[in-house]
Amino acid sequence: MKILLSVLSLLSLLFYSSPFFARASEQTPKKVIFMVMDGTNSDVITLSRWFKGHPLALDSILVGGVQTYSLRSGITDSAAAATAMATSKKTVEDMIGMIPYMDREIGSIARPTSTILEAAKQKGIATGIVATSPIQHATPAAFSAHSNSRNDYDDIAEQQVYQDMDVVLGGGKMALLPKSTNPSSLPQHLSGIGSTLPLYRKDGENLIQILKKKGYQYIETKKQLNSVSSSKIWGTFATEDIAYEFDRKRLAPQQPSLAQMTKKAINVLSKNPNGFFLFIEGSKIDWAAHKNDPVGMISEVLSFDSAVKEALDFAKRDQNTLLIAVTDHGNSGLTMGNTNTNHSYYKMPVSKFIDPLKKAKFTLAGSISRLKKDKSNLKKIAQDYGLNPLSKQDYKRLKTAKNLEDEMANQLAKRANLGFTTKGHTGEDVFLYAYGPNKPTGLINNTKIPKIIASFLQVESFQKLNKLLFVDAADYYEKKGYLTKIDRSNKENPVFIAKKNNETIKYPANKNIKVFNENVVELDGITICNGNKFWISILEKQKGAGPLPHPIP
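Okay, so let's go over this structure. (Residues numbered from 1 in each chain as written. Predicted model: local features only at pLDDT ≥ 70, side-chain atom pairs only at ≥ 80, totals over all residues. Heavy atoms only, no water.)

### Quick word on the sheet that holds strand E22 (residues 519-522)
What counts, and what does not: A pair of strands is treated as paired once DSSP finds two or more bridges between them. Each helix is a run of DSSP H or I of at least 4 residues and each strand a run of E of at least 2, with the numbering of both proceeding from the N terminus. Each axis is a line fitted through C-alpha atoms, and for a helix only the stretch in contact is used; angles between axes span 0 to 180 degrees, taken between their N-to-C directions.
Taken together, 5 strands build an open sheet; the order of strands is E18-E19-E20-E21-E22 and the sheet is antiparallel. Of all strands in the sheet, those bounded by a partner on one side alone are strand E18 (483-487) and E22. Looking at each pair of strands side by side, their axes are set apart by 20 degrees on average, direction ignored. When strand E20 (residues 503-508) meets strand E21 (residues 513-516), the two strands line up antiparallel, connected through 2 bridges.

### A closer look at empty space enclosed by the protein
What counts is decided by this rule: A 1.4 Å probe that fits into a set of points on a 1 Å grid over the protein atoms alone but cannot get out defines a cavity; an open set with protein on both sides within 12 Å along at least five of seven lines defines a pocket, and lining residues are those with an atom within 4 Å of a point. Grid points are joined across faces, edges and corners, and a volume is the space filled by probe spheres set on the points. Classification used: nonpolar for Ala, Val, Leu, Ile, Met, Phe, Trp, Tyr, Cys and Pro, charged for Asp, Glu, Lys and Arg, polar for all others including Gly.
Under the counting rule described, the total for this entry stands at 2 cavities of 30 Å³ or more. Here the largest cavity is characterised by a volume of approximately 40 Å³. What lines the largest cavity is simply Glu118, Lys121, Gln122, Gln163, Leu469, Asp524 and Gly525. It is helix H5 (residues 116-122) that contributes the most residues to the lining of the largest cavity, 3 residues altogether. Residues of the lining of the largest cavity, tallied by class, amount to 1 nonpolar, 3 polar and 3 charged. Of the pockets and cavities examined, the second largest cavity occupies roughly 30 Å³. What lines the second largest cavity is Thr132, Ile242, Ala243, Tyr244, Glu245, Arg248, Pro256, Ser257, Leu258, Glu300 and Ser303. At the level of secondary structure, the elements contributing two or more residues to the lining of the second largest cavity comprise helix H10 (245-251) and helix H13 (294-318). The residue inventory of the lining of the second largest cavity, partitioned by class, reads 5 nonpolar, 3 polar and 3 charged.

### Observations regarding the nonpolar core
In plain terms, the rule: In this description, a nonpolar core means a group of buried Ala, Val, Leu, Ile, Met, Phe, Trp, Tyr and Cys residues linked to one another through side-chain atoms lying within 4.5 Å. Relative accessibility thresholds used throughout: buried, under 20% of the residue-type maximum; exposed, over 50%; partly exposed, between the two (1.4 Å probe, protein chains only).
In terms of nonpolar packing, the biggest core is built from 74 residues, with Ile33, Met35, Leu169, Leu278 and Leu357 touching the most fellow members. Counting residues in hydrophobic clusters, the runner-up holds 68 residues, among them Phe34, Ala131, Ala142 and Ile452.

### A short note on the side chain of Ser88
For clarity, the threshold we go by: Contact criterion: two residues are considered in contact whenever any of their non-hydrogen atoms come within 4.5 Å of each other.
In this structure, Ser88 sits in the loop between helix H4 (78-87) and strand E3 (98-103). Not counting residues up to four positions away in its chain, the partners in contact with Ser88 are Thr83, Thr447, Pro450, Lys451 and Phe462.

### Section: the pattern of salt bridges
Let me state the cut-off plainly: Just to be clear on terms, a salt bridge is a Lys or Arg side-chain nitrogen sitting within 4 Å of an Asp or Glu carboxyl oxygen.
One pass over the full model with this rule turns up 29 salt bridges. A salt bridge links Asp203 to Arg201, with the nearest nitrogen and oxygen atoms 2.7 Å apart. For the pair Asp203 and Arg201, one class covers both residues: buried. Glu522 serves as the salt-bridge partner of Lys541, at 3.9 Å between the closest nitrogen and oxygen.

None of the figures reported here should be taken as evidence of function without further support.
Encoded structure:
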């Protein structure tokens, strides 16, 4: 019996001291890296692997699948998908961190719901977002802001600035600045299908100045990123989106890669003693898919995979990091094989798919960006996209095409024996990748992901946070005897006002402050206006008053 107990004791010691179980240790801070490759179907993963010629970093952590449908559609948009993965709630298209509900007086409207990033912040965990799109774009926005529409870039940008995240890296400088008399002051960029930012902020606010006042080290180049020393960083590397990886080194060398941004974000956030939550998006696989550009899709899958390798290397060293990588939805219906291979697919070597693509020096967007206005260099542009050799007939089609991008993409897909079913999203289940303690496995719904992360980080429930971060402002103050109204004199900056006796309390939309008799109180949460109602945080970050950071309208 004594021998048995000794053996059991030894096994117990080995069990709890092994490296695997050390990953779930409570002694070291927990970290989460959540990565999304936007708009990626399964065939482009396969195609990218063949293109690379070696296994992907993603391959080693494939654990299951994810259902992606939205509240009212079998095919989701990015806003609804990201909201589901950030909040655990299904919603409808275009809504960012918001869910529809029925108000007794107004009818069907939207209300904000807390995100996993906000839950992490409430526990003192460092937070960050990284994207190759404008960081105000739908997917990163759904983790860090709340809006009725993904197109409300001004509101989303302002909320992100006042969200007090530790690290923000990506594109989207245009959403931070008022109208400029010198357009050349903005860095040049390569636009994609998702680039729809307005040319300037309609409210006239300069959010870059606000960022600097808030203590951020603001940077705009890869060189600055490499030498950054602050624990609070905001990097905006393009007016809109960061260049496709295949184009970046030649056309935008001052911009960092997704892998470089990922590595820097992890390095900075890992210094926080409470752990971190980092969201990373490879944004432009989706953009290339909307254009049926296989070169752009492969470019961004491989870019994302390089970022995954950085995250996975860290997670393996740290042993207490949960890494999850998914796509939010499919896009384009890309297939290896098309109607031309109906009777020959069984004898098609991989080279028949890959070799035509490897002739491309640039993505479709990168190629078109180099086209002269008079199209005098069209043949060179087409050849650099992989249409080489270019027959007289194919060249004639390019010259007479109503949509040159479509024709170029169609010709390359035909040469590479690829098929496309749509230029929109698709509704299939997508791959689930994960590594580390509490990792999900099997087929799960996208709403389960934030719950798994919340459980691992041991943060407050979303339901409880909603009661603290998003309170109906009118209801809250009217029950206390205040008269309330919404001041819309500045339509770009509505303000909720509550008055009683000599007290006047103001909540400007999209900021984390309230103004009590002209003195500022900082809040742990952002004030949200859905057009009809204000939602306020009742958590104060600090007691007492201070000067206004800038005039309140």
